[in-house]
Amino acid sequence: HTNTTHDIFSIHVTNLLHLYTLPFSVFGTPQPIVIALGDDVVLPCHLEPAQDAEGFTLKWTRPDLKPRFVHVWRAGVELQDKQHPQYQGRTALFTDELKHGNISLKLVKVKPADEGTYRCYIPALEQQSFVQVVVGAASSPVIKLVGFGKPSGSVVLECTSSGWYPEPEVSWMDSEGHLVSAGPPETVRGPDDLYTVSSRVTVDKRHGSTVTCRVHQDRTNQTREAHIQVPGKSFSCWFGCGHCINKWKWKSCN
């Protein structure tokens, strides 16, 4: 009986040694994940070769936060007391997939503050991977007539767009796609961390043309545009066509 117990113990130890000496690696994704504000996102992380990860301690962290813990799993239990308050109630592992080595993390209702670099770490294996999250929000701009320029025969247009993240850039173009010189844009960051941008441009209306306001965010590769037709007629036409503002375009009046 003693020999049998000893043999079983020896086999168990041998299996554990074999497990910890296998060349396991943790993989995420090398490309940044761009996610729209308010959406849910899965941060990929998995063991290769596939191995049951349920018995491991699993740590998702963000090095720039204090406390840095986004999600901690230990001995089959989620340790919520170690979690950063920002993530409470918004993270989850795919517990049914842990046995296949899937330790990806689901994050719901993404906020601007969720942007950053996340670390997926298994202390027992001393293996880790990183996932970069970029949060984006965009909205369509609106153009309106705000005044008359100098010299006479020109109009001042204002383009406004709210609800952007990160901060976007604004540019104006003529009907041929050439950039139109404009004053410096105004940017306001609201309490929700979203940006509102506005820009004004003076346009010669004598010949009539289409002007485009383009709002662009390079990191998230988001672009929104609005167009307005500047008619080569009297100013009274602008006021007569005021109802066309909602379509971002004034049409010439007869």
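Residues numbered from 1 in each chain as written. Predicted model: local features only at pLDDT ≥ 70, side-chain atom pairs only at ≥ 80, totals over all residues. Heavy atoms only, no water.

Labelled according to an unreviewed UniProt entry, the protein appears under the name Ig-like domain-containing protein, originating from Sphaeramia orbicularis. The UniProt entry for the protein carries the following comment under Subcellular location (unreviewed entry): "Membrane". Here the protein is described in UniProt, under the heading Sequence similarities (unreviewed entry), as follows: "Belongs to the SKINT family." (UniProt positions renumbered as here; feature names shortened; annotations may be inferred.)

On to the nonpolar core. Ranked by size, the top nonpolar core spans 49 residues in total, and within it L43, L58, W60 and L157 carry the most contacts. When residues of this core are assigned to domains, at least three fall in each of domain 1 (24-136) and domain 2 (142-229). Residues contacting L43, with those up to four places away along its chain left out, are I33, W60, S104, L105, Y118, V131 and V133. (Core = buried A, V, L, I, M, F, W, Y, C linked by side-chain atoms within 4.5 Å. Buried < 20%, exposed > 50% of the residue type's maximum accessible area, 1.4 Å probe, protein only. Domains from an automatic or database assignment. Contact = heavy atoms within 4.5 Å.)

Pairs may arise between side chains of opposite charge once their charged atoms sit close together. The full count for this structure, using the stated rule, is seven salt bridges. Among the ionic pairs, K144 bridges to E158, the shortest N-O distance being 3.9 Å. Of the two residues, K144 is situated in strand β12 (residues 142-148) and E158 in strand β13 (residues 154-164); the sequence distance between them amounts to 14 residues. Overall, the relative accessible area of 14% leaves E158 in the buried class. Between R214 and E225 there is a salt bridge, with the nearest N and O atoms lying 2.5 Å from each other. Here R214, found in strand β18 (residues 209-217), pairs with E225, found in strand β19 (residues 222-230); they are 11 residues apart in sequence, far enough to count as distant. (Salt bridge = Lys/Arg side-chain N within 4 Å of Asp/Glu carboxyl O. Helix = DSSP H or I, 4+ residues; strand = E, 2+ residues; numbered from the N terminus.)

Take the sheet that holds strand β9 (residues 105-107) next. Strands belonging to one sheet form pairs held by backbone hydrogen bonds; the direction of such a pair is parallel or antiparallel. With antiparallel pairing, three strands are arranged side by side in an open sheet as β3-β9-β8. Here the strands that pair on one side only, and so sit at the sheet edges, are β3 (41-43) and β8 (91-93). For this sheet, the mean angle separating the axes of adjacent strands, direction not counted, is 25°. Pairing analysis gives three bridges linking β8 to β9, with the strands arranged antiparallel. Paired with L93 across the bridge in β9 is L105. (Pairing = 2+ DSSP bridges. Axes fitted to C-alpha atoms, helices over the stretch in contact; angles between N-to-C directions.)

When pLDDT is averaged across the protein, the result is 83; 80% of the residues are at 70 or more. Note on residues 4-21: pLDDT is under 50 here. Beyond four places in sequence and across chains, it has six contacts. (pLDDT = per-residue confidence, 0-100.)

For the rest of this paragraph, the subject is the sheet that holds β12. Strand order in the open sheet formed by four strands is β12-β13-β17-β16, and the pairing between neighbours is antiparallel. The two strands at the open ends of the sheet, each matched to only one other strand, are β12 and β16 (186-189). Across the sheet, the mean angle from the axis of one strand to that of its neighbour is 20°, orientation sign disregarded. Note: β16 against strand β17 (residues 195-204), four bridges, orientation antiparallel. Pairing of R189 across the sheet is with Y195, part of β17.

Now for unusual backbone geometry. Of note, the bond from K66 into P67 is cis; its omega dihedral lies within 30 degrees of zero at -5°. Mapping P67 onto the fold places it in the loop between β5 (58-61) and β6 (69-74). Cis rather than trans, the peptide bond between Y165 and P166 has omega equal to -10°. Looking at the secondary structure, you find P166 in the loop between β13 and β14 (169-173). Backbone geometry places E126, a non-glycine residue, at a positive phi of 55°.

Together, D52, E54, D96 and E97 make up a region of like negative charge exposed at the surface. Tracing the chain through its elements places E54 in the loop between β4 (46-48) and β5. (Patch = residues over 30% accessible without salt bridge, like charges linked within 9 Å, V, L, I, M, F, W, Y side chains within 5 Å. Areas by Shrake-Rupley, 256 points an atom, 1.4 Å probe, with all protein chains shown as cover. Lys, Arg positive; Asp, Glu negative; His and termini not counted. Charge placed at Lys NZ, Arg CZ, Asp CG, Glu CD.)

Bringing the pairing of β19 into the picture now. With nine bridges connecting them, β18 and β19 associate as antiparallel partners. Looking across to β19, one finds that H216 is bridged to T223. The antiparallel hairpin formed by β18 and β19 contains four residues in its connecting segment, where N221 sits at a positive phi of about 55°.

Looking now at the packing of aromatic side chains. Under the defined criterion, the tally for this structure stands at two aromatic pairs. On the numbers, 6.2 Å between centres and 80° between planes, the contact of Y87 with Y118 is edge-to-face. Residue Y87 is located in the loop between β7 (77-78) and β8, and its partner Y118 is located in strand β10 (residues 116-122); the two are separated by 31 residues in the primary sequence. An identical accessibility class is assigned to Y87 and Y118; each is buried. Over the ring of Y121 we find R119, and its NZ or CZ is 3.9 Å from the ring centre. (Phe/Tyr/Trp six-rings, centres within 6.5 Å; stacked < 30°, edge-to-face > 60°. Lys NZ or Arg CZ within 6 Å of the ring centre and 35° of its normal.)

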